[in-house]
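Observations on the three-dimensional arrangement
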2 protein chains.
Amino acid sequence: MTASNQKDIRKQFGERLRYLRLIRELSQEDLAHLCNLDRSYIGGVERGQRNVSLLNIKKIADALCVSPKEFFDE
Amino acid sequence: MTASNQKDIRKQFGERLRYLRLIRELSQEDLAHLCNLDRSYIGGVERGQRNVSLLNIKKIADALCVSPKEFFDE
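Definitions and cut-offs
- Residues numbered from 1 in each chain as written.
- Chains lettered and ligands numbered in written order.
- Predicted model: local features only at pLDDT ≥ 70, side-chain atom pairs only at ≥ 80, totals over all residues.
- Heavy atoms only, no water.
- Core = buried A, V, L, I, M, F, W, Y, C linked by side-chain atoms within 4.5 Å.
- Buried < 20%, exposed > 50% of the residue type's maximum accessible area, 1.4 Å probe, protein only.
- Helix = DSSP H or I, 4+ residues; strand = E, 2+ residues; numbered from the N terminus.
- Contact = heavy atoms within 4.5 Å.
- Least-squares fit on C-alpha atoms with pLDDT ≥ 70 in both.
- pLDDT = per-residue confidence, 0-100.
- Phe/Tyr/Trp six-rings, centres within 6.5 Å; stacked < 30°, edge-to-face > 60°.
- Salt bridge = Lys/Arg side-chain N within 4 Å of Asp/Glu carboxyl O.
- Buried area = accessible area lost by both parts, 1.4 Å probe.
- Polar contact = N/O pair within 3.5 Å; in protein donor to acceptor, adjacent residues only side chain to side chain.

1. Some details on the nonpolar core
Of all hydrophobic cores here, the largest spans 44 residues; its most connected members are A:Phe71 and B:Phe71. When residues of this core are traced back to their parent elements, those giving at least two are helix H2 (9–22), helix H3 (28–35), helix H4 (39–46) and helix H5 (54–64) of chain A together with helix H2 (9–22), helix H3 (28–35), helix H4 (39–46) and helix H5 (54–64) of chain B. Discounting chain neighbours no more than four positions away, the residues touching A:Phe71 are A:Gln12, A:Phe13, A:Arg16, A:Leu17, A:Leu20, A:Ile57, A:Ile60, A:Ala61, A:Leu64 and A:Val66.

2. Some words on the relation of the copies chain A and chain B
By a simple turn and slide, chain A fits onto chain B: the slide is 0.0 Å along the axis, the RMSD is 0.0 Å, and the turn is 180 degrees. Here the symmetry operator amounts to a two-fold rotation axis. The C-alpha atom lying nearest the rotation axis in chain A is that of A:Ser53; the distance is 1.8 Å. Of the interface residues in chain A, 100% have counterparts in chain B that sit at the interface too, so the contact is made through matching surfaces.

3. Observations regarding the confidence of the model for chain A
Confidence along chain A averages 93 in pLDDT terms, with 92% of residues attaining 70 or more. For chain A, the element scoring lowest by mean pLDDT is helix H1 (residues 3–6) of chain A, at 53; H4(A) scores highest, at 98.

4. Some remarks on the packing of aromatic side chains
All told, the structure shown has five aromatic pairs over all chains when counted by the stated rule. Geometrically, the ring pair formed by A:Phe13 and A:Phe71 is tilted, given 4.7 Å between the ring centres and 40 degrees between the ring planes. You can see A:Phe13 sitting in helix H2 and its partner A:Phe71 sitting in the segment after H5, a full 58 residues away along the chain. One aromatic cluster in this structure is built from A:Phe13, A:Phe71, A:Phe72, B:Phe13, B:Phe71 and B:Phe72.

5. Some remarks on the pattern of salt bridges
Under the criterion given, the structure shown has 14 salt bridges over all chains. The partner of A:Asp73 in a salt bridge is A:Arg16, with the nearest N and O atoms 3.3 Å apart. Here A:Asp73 is found in the segment after H5, whereas its partner A:Arg16 is found in helix H2, with 57 residues between them in sequence. Take A:Arg16: its relative accessible area is 17%, and that puts it in the buried class. B:Asp62 is the partner of B:Lys58 in a salt bridge, and the nearest nitrogen-oxygen pair spans 2.9 Å. In this pair, B:Lys58 and B:Asp62 are both assigned in helix H5, four residues apart and thus about one turn of the helix distant. One continuous salt-bridge network, built from bridges that share partners, spans A:Arg16, A:Asp73 and B:Lys69.

6. What about the interface of chain A and chain B?
At the interface, 22 residues of chain A touch 22 residues of chain B. In total, chain A and chain B occlude about 1900 Å² of area from one another, counting both sides; carbon and sulfur atoms represent 67% of this. Three residues stand out in chain A for area buried against chain B, namely A:Ile9, A:Leu54 and A:Lys69, and they jointly supply 34% of the buried area on that side. At the boundary of chain A with chain B, the tally comes to two salt bridges. Between A:Asp73 and B:Lys69 there is a salt bridge, with its nearest N and O atoms 2.1 Å apart. Connecting chain A to chain B are ten residue pairs in polar contact (both at pLDDT 80 or more). Of all the elements in the fold, those that place two or more residues in the side of chain A that touches chain B are H2 and H5 of chain A. If one sorts the elements of the side of chain A that touches chain B by residue count, H5(A) sits on top with five residues.

Structure, rendered in structure tokens:
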């Protein structure tokens, strides 16, 4: 297993989310509003501090108009 | 948004997990042992009854030697 495989999946998810949000020029607050989640929750997810589960992955993906699998690109 | 996008992500995840497990000829018990989770939890995930979160997605992916993104193929 390579070093990149060992990276915490929460960190990896958070970094991808931040990237996907920023290329859309959305603030954390914009995104939180779009997916009906709290801005502080979105911030925690982006910092890799939240163990996000399927239903919230789907909410966030829908808000960004992406497939959930895009959060798992390496 | 199409009908398939509306499918419950828990069901979609569970079906993909079952598929990926069966092509490896693993029982739920085998897989549970490989990822150090309970067999009944794996069963619940496959039935779309569990809101699986990132750390368990990673555990299950590692046990199957797949990328987490493979659970989100449509």
